[in-house]
Amino acid sequence: MIGFNEETKTFFLNGKNFTYAMRVNSDGYLTHCYYGARVPECDFRYFKPEWVKSFNPGIPDSKHIYADIMQEYSTAYLGDFREPALVPEDERGARVADLSYLSHEILPVKPAIGSGIPTSRGGETLVIVLSDKNTGLSVKLFYTVYDEENILTRRAEIINGTGSTVTLRRALSATVDYYDSDFELMTLEGHHAREKTPEFTKLHHGRTSIGNIRGTTTANHANFTALLRPGTDEEKGEVFATSLIYSGSHYESVEVDESGRCRVSTGINPESFAWKLENGEKFETPELALCYSNRGLGQMSRQYHDFFRNYVINPRWVYTRRPVVLNSWEGMHFSFDRQRLFDTIDALKDSGIELFVLDDGWFGARNNDKAGLGDWFVNEEKLPGGLIAIADRCKQNGIKFGLWIEPEMVNPDSDLYRAHPDWAIAVPGRPAVPSRNQYVLDFSREEVVDYIKKLMYKVISESGASYIKWDMNRPLTENWSYALPADRQGELQHRFVLGVYSLAKYLTESFPDILFEGCSGGGARFDGAMLAYFPQIWTSDNTDADDRTVIQLGTELVFPMSSSSNHVSLSPNIRNGRIICADTRTNIAYGGIFGYEFDVAKYPKEEFERIKADVEKYHEIDDLILRGDLYRGCNRTEGNECVICVVSKDKKRAFATYYQALNPHKQNPRFKIPGLAGDKIYHIAELDVSVPGAVLSNLGICMPRVKKDFASYTLTLEAE
Ligand code: GLA
C-alpha cells in the first residue's frame, strides 16, 4: 500500500510487516524517515536526531547542512560526504547534482524498463521526480510494494534535461539510509564450485564493499546483502536484505559515518561504468529488491522465494513440474560420438529418467575446449544425421531431448572468429586475453546479437529439443568495443548485458514451450534477472553432496528451491574424490530440481536400478519443491548437520531431510523439524508414527544410529 500525506509531505509504503517512509523536508529535499517494522502513519517531524555537525558545509540559503539530510537518492561533492548514488559529469567536468523534490504520481501498474533489463511484475507504483533546478537534470525514483512478501522494489531513471551532454560516472539503483549501524553484514561469497557461502562481517566506520567488475554476476560475490540485527538467526531477528535484479558488474557497500549512521548502496559497479547521456536521453538502472524480515533469515528466504516465484519467474514454467534429466557432461565431457549417445539413450529406456541433455561438444570442431565456440553447426562427423537423430532416438526410448549452448562466446579457433575477429571483445594492438581458451562476443553490437539470434533460432528449431541449457563460461576483460567511440567505451559492459537480455528474451519467447536452464561455469550467473528467462539454473559444477549442502543452502537463502538445479553424480565424486552413498547423494539433490549426471557405463548397476523408484519419490514431493515454504533447521555452514524442511502453504504436507557430515560416534541423530503447524498431527510415512507438529518442532525426533559418514534421512509428513 502506498500513501502520501499532503500536510506533512510524507510518503508511506506499507507491506504486511514493514513500513518505509520518506518525506519532503522544509528545504525541498526527499529525505528518508523510517524503514522497519510496520508502524501507523505519523508526523515524523517530531523525530530530530542530531548528527556530528562540526565543519560540515551548509545548504545555500538555508540554516541546515547537507550532512543532516538522509537523501533518498544521494549525490556527492556538496556536503554529504557519504557514498553517492549518482555522479553526473557535465561538459565542463563538474560532477555535482543537487536533487530536490519536484512531483510524484502513483501508477496503477508497474512500468517495464524500456532498455530491456528484466524487472519484477507489479501493480501500484510510486514514481517520485527529483530535479536539480540549477541544471535541468532529473531523476525518477520508482517504488513498488509487495505486501505479502514484505518486499519493496526500487530503481531510478536519470533524465538529461540540461541542454548539453552529461556523462554518468555512477548511477546506482538505490541508497538506503539507516539511523544506526548496529548490524552484522551478511554476504554470499565463493568461487567456481564453491558458490554462495554465507559470510558475516562486523561493520566498522568507513565502507565495507563487495561487487565485481567481471561484466557478469559471478561465483565470487553474489549481488546480495543482508543487514542483521544482533542475535538474528533462522527464526528471529530483524533482517534488511537487498538482491539486485541484474546480471552484470555490480556493487554493494555499507558505509558507517562519523555519527554511526549507515548507508547501503547498490547497483551497477561504477568502476567499470560510464554512460554518456545526450540532452533528452535517459538512463535506467536495474531494479533492487529490498526485503524486510522481523522473523530472521528463514522468513527473509521464504519472502524472497515467493517474490521470485510470483513476480519474476515466467508463469508458464514456475509451477510446472520439471523433467528429471540425465546430463552428459560429467559422464562424457567431450568424448562421445553418435553410437555412445545412442547407447546411453537406449540404457535410459524405462529407467525413470525423463530427458537426456547433450552437453558441450556437439558442434563445429568442438572436441575439447580449445575450438568450435561460435560455429553452431552440428558436427556431422561425430553425429551423422544431426541432432534430430539424437532427439529421435530419445523419442524411441520414451524420453525427451535437451541441448547445451553457449551463445555469448567464441573460440579464436573457429570459423566465426576467423570471419569476424572484431566481434570479440579485445583492444587492438594488444593480445586478446583468453579464458578457458575463449573470447566474449561483443553483444553491445546489435549485428552480433542479431547474427546469434538467427543461428540459435535455427539450431534450436531443428534440434528436436524441449530443453536448452544456456551456459556462459568466462568473465569479460578489456572492456573495449570496435563499435563504440572512445567516450562511450564505459558503456560496453552494460550494453553487453542488455544484448544478453535481448537474446534471452527473443529465444525464450520464440520457444515458449522449451524449458531453458541457465548456467555459468556452475552457478556464477545465478541472479534475479536470469530467473526472468531461466526458471531453473545449474547451481554448481560441484556435484559432491557434502559440498552441495552448503552451496544449495546458500543459493536458496535468496532464490527458490524450484530454481536450483541439482544432479546426482558418480561416487567417488570426480571433483574431490569423496565417497558418499547413493541415498545421501539422492536426498541432497532432492532439495531442488532433481536430475542426474553420470556415465551410464560406469554407474553401478544397483544404483542405476534404484533410479526409477527415486524419481517416483521425487515426483511425489516435487509440488512441495515448486510451491512450498523452505525451513532450515541446524545450519550446515556452522556445524556438522543440517535439517531442510519444505512445507506446503497449507501446512498439511512436509518433506524433511536430515544430513550429518561426519559421524560423531556418540549418539543417534536427534533433530527438530522446523516449519510445521503446532496444532496438526503429522503422520511420518517412513516411521509409521503420528506426532503433533509442536512436539516435532520442539522436542524433535530420534533416528536410528548410523555407522557411516555423510549420512542422511528423509521424512515424508502428512497431517492427519
Ligand atoms: C560449464 C558448465 C558445465 C558444463 C561445461 C561444458 O563448466 O557449468 O555444466 O556444461 O561448462 O563445457
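Residues numbered from 1 in each chain as written. Predicted model: local features only at pLDDT ≥ 70, side-chain atom pairs only at ≥ 80, totals over all residues. Heavy atoms only, no water.

## Side note on the pattern of salt bridges
Okay, so step 1: Scanning the entire structure with this criterion turns up 56 salt bridges.
Okay, so step 2: Two residues, E255 and R207, come together in a salt bridge whose shortest N-O distance is 3.1 Å. Placement of the pair is E255 in strand β16 (residues 250–256) and R207 in strand β13 (residues 206–211), with a sequence separation of 48 residues.
Okay, so step 3: For R207, a relative accessible area of 39% gives the class partly exposed.
Okay, so step 4: A salt bridge links R393 to D346, with the nearest nitrogen and oxygen atoms 2.8 Å apart. Of this pair, R393 sits in helix α5 (residues 386–396) while D346 sits in helix α4 (residues 338–348), placing them 47 residues apart in sequence.
Okay, so step 5: A cluster of three or more residues bridged by salt bridges with shared partners is formed by K276, E278, D487, R488, E491 and R495. (Salt bridge = Lys/Arg side-chain N within 4 Å of Asp/Glu carboxyl O. Helix = DSSP H or I, 4+ residues; strand = E, 2+ residues; numbered from the N terminus. Buried < 20%, exposed > 50% of the residue type's maximum accessible area, 1.4 Å probe, protein only.)

## Some points on the nonpolar core
Okay, so step 1: Among the nonpolar cores identified, the biggest contains 180 residues, and Y73, F356 and W362 are the most heavily contacted of them.
Okay, so step 2: Considering each element in turn, this core owes the most residues, nine residues, to helix α8 (residues 492–510).
Okay, so step 3: Of all hydrophobic cores here, the second largest spans 22 residues; its members include I673, I684, V691 and V706. (Core = buried A, V, L, I, M, F, W, Y, C linked by side-chain atoms within 4.5 Å.)

## Concerning the site of the ligand
Okay, so step 1: In the vicinity of the ligand lie 13 residues, with D359, D360, K469, G522 and D541 positioned nearest.
Okay, so step 2: A distance of 3.0 Å separates an oxygen atom of the ligand from a polar atom in the side chain of W404.
Okay, so step 3: Relative to its free-state accessible area of 300 Å², the ligand is covered by the protein chains to the extent of 96%.
Okay, so step 4: Here the shell around the ligand is built from residues that sort into four nonpolar, three polar and six charged. (Near = heavy atom within 4 Å. Polar contact = N/O pair within 3.5 Å; in protein donor to acceptor, adjacent residues only side chain to side chain. Areas by Shrake-Rupley, 256 points an atom, 1.4 Å probe, with all protein chains shown as cover. Nonpolar A, V, L, I, M, F, W, Y, C, P; charged D, E, K, R; others polar.)

## With respect to the environment of G237
Okay, so step 1: Relative to the helices and strands, G237 is located in the loop between β14 (224–228) and β15 (239–245).
Okay, so step 2: Taking the C-alpha atoms as reference points, G237 and P431, 194 residues apart in sequence, are found 52 Å from one another.
Okay, so step 3: Ignoring any residue separated from it by four or fewer positions in sequence, one finds G237 in contact with T232, S293, N294, R295 and G296. (Contact = heavy atoms within 4.5 Å.)

## A short note on the side chain of S100
Okay, so step 1: Relative to the helices and strands, S100 resides in strand β6 (residues 100–107).
Okay, so step 2: Judged by relative accessible area, S100 falls into the buried class, the value being 13%.
Okay, so step 3: Apart from the residues lying within four places of it in its own chain, the contact partners of S100 are G28, Y29, V129, L130 and S131.

## Looking at helix α12 (residues 605–627)
Because an α-helix completes one turn every 3.6 residues, residues spaced three or four positions apart along the sequence face the same direction.
Okay, so step 1: For α12, spanning 23 residues, the distance from its first C-alpha to its last is 34 Å, which sits close to the expected 33 Å at 1.5 Å a residue.
Okay, so step 2: Among the residues making up α12, those that are buried are E607, F608, I611, D614, V615, Y618, I621, D622, L624, I625 and L626. (Expected span 1.5 Å × (residues − 1).)

## Regarding the domain arrangement of the protein
Okay, so step 1: Looking at the protein, the domain boundaries give domain 1 (2–311), domain 2 (315–538) and domain 3 (641–719).
Okay, so step 2: Between the C-alpha centres of domain 1 and domain 3 the distance comes to 40 Å. (Domains from an automatic or database assignment.)

## Some words on the side chain of R261
Okay, so step 1: Assignment of secondary structure puts R261 in the loop between β16 and β17 (262–268).
Okay, so step 2: The exposure class assigned to R261 is buried, which follows from its relative accessible area of 2%.
Okay, so step 3: Each residue touching R261, except ones within four places of it in the same chain, is listed here: W51, A67, D68, M70, R82, Y178, Y179, D180, E255 and V256.

## Section: the sheet that holds strand β33 (residues 653–660)
Okay, so step 1: Strand order across the open sheet formed by six strands is β31-β32-β33-β38-β35-β36, with antiparallel pairing between neighbours. Strand pairing shows two members of the sheet lacking a second neighbour, β31 (629–632) and β36 (689–692), which therefore form its edges. Adjacent strand axes in the sheet meet at a mean angle of 25°, parallel and antiparallel pairs treated alike.
Okay, so step 2: Both β33 and strand β38 (residues 711–719) contribute to a ladder of eight bridges, which runs antiparallel. Bridge assignment links A654 to a residue of β38, and that residue is L717.
Okay, so step 3: Packed onto the sheet, helix α10 (residues 545–555) meets β31, β32 (641–647) and β33 and runs at close to 50° relative to β32. (Pairing = 2+ DSSP bridges. Axes fitted to C-alpha atoms, helices over the stretch in contact; angles between N-to-C directions.)

## Quick notes on the packing of helix α7 (residues 446–463) against α8
Okay, so step 1: The geometry of α7 relative to α8 is characterised by a closest axis approach of 10 Å and an angle of 25° between their N-to-C directions. The orientation of α7 with respect to α8, classified from their angle, is roughly parallel. As α7 packs across α8, the resulting crossing turns out to be right-handed. Residues V449, I452, K453, M456, Y457 and I460 of α7 form the contact with α8, whose participating residues are G499, S502, L503, Y506, L507 and S510.
Okay, so step 2: Tallied by class, the residues present in the contact of α7 with α8 amount to eight nonpolar, three polar and one charged. (Parallel < 35°, antiparallel > 145°, perpendicular 65-115°, else oblique. Left-handed = near helix turned anticlockwise from the far one by under 90°.)

## Thoughts on the sheet that holds strand β2 (residues 10–14)
Okay, so step 1: In spatial order, the strands read β1-β2-β3-β4; together these four strands make up an open sheet with antiparallel pairing. Across the chains shown, the open sheet's two edge strands, defined by having one partner strand only, are β1 (2–5) and β4 (30–37). Taken pair by pair, the neighbouring strands of this sheet meet at an average axis angle of 15°, ignoring direction.
Okay, so step 2: Examined bridge by bridge, β2 and strand β3 (residues 18–24) share five bridges and lie antiparallel to one another.

## Description of unusual backbone geometry
Okay, so step 1: Note that the residue after S571, namely P572, is joined by a cis bond; omega there is 0°.
Okay, so step 2: Within the secondary structure, P572 sits in the loop between β29 (564–569) and α11 (582–589).
Okay, so step 3: In this structure, A193 is a non-glycine residue whose phi angle is positive, near 70°.
Okay, so step 4: Locating A193 in the fold gives a position in the loop between β11 (184–191) and β12 (194–202).
Okay, so step 5: A positive phi angle is found at N479, which is not glycine, with a value near 55°.

## Details of the packing of aromatic side chains
Okay, so step 1: Going through the model one piece at a time under the given rule, you end up with 52 aromatic pairs.
Okay, so step 2: Feature note: the residues F18, Y20, Y35, Y143, Y178, F183, F240 and Y292 constitute an aromatic cluster, connected by ring pairs.
Okay, so step 3: Here the guanidinium or amino end of R155 rests over the ring plane of F142, the centre of that ring lying 3.9 Å away.
Okay, so step 4: One Lys or Arg, R302, reaches over the ring of Y631 and ends 3.8 Å from the middle of that ring. (Phe/Tyr/Trp six-rings, centres within 6.5 Å; stacked < 30°, edge-to-face > 60°. Lys NZ or Arg CZ within 6 Å of the ring centre and 35° of its normal.)

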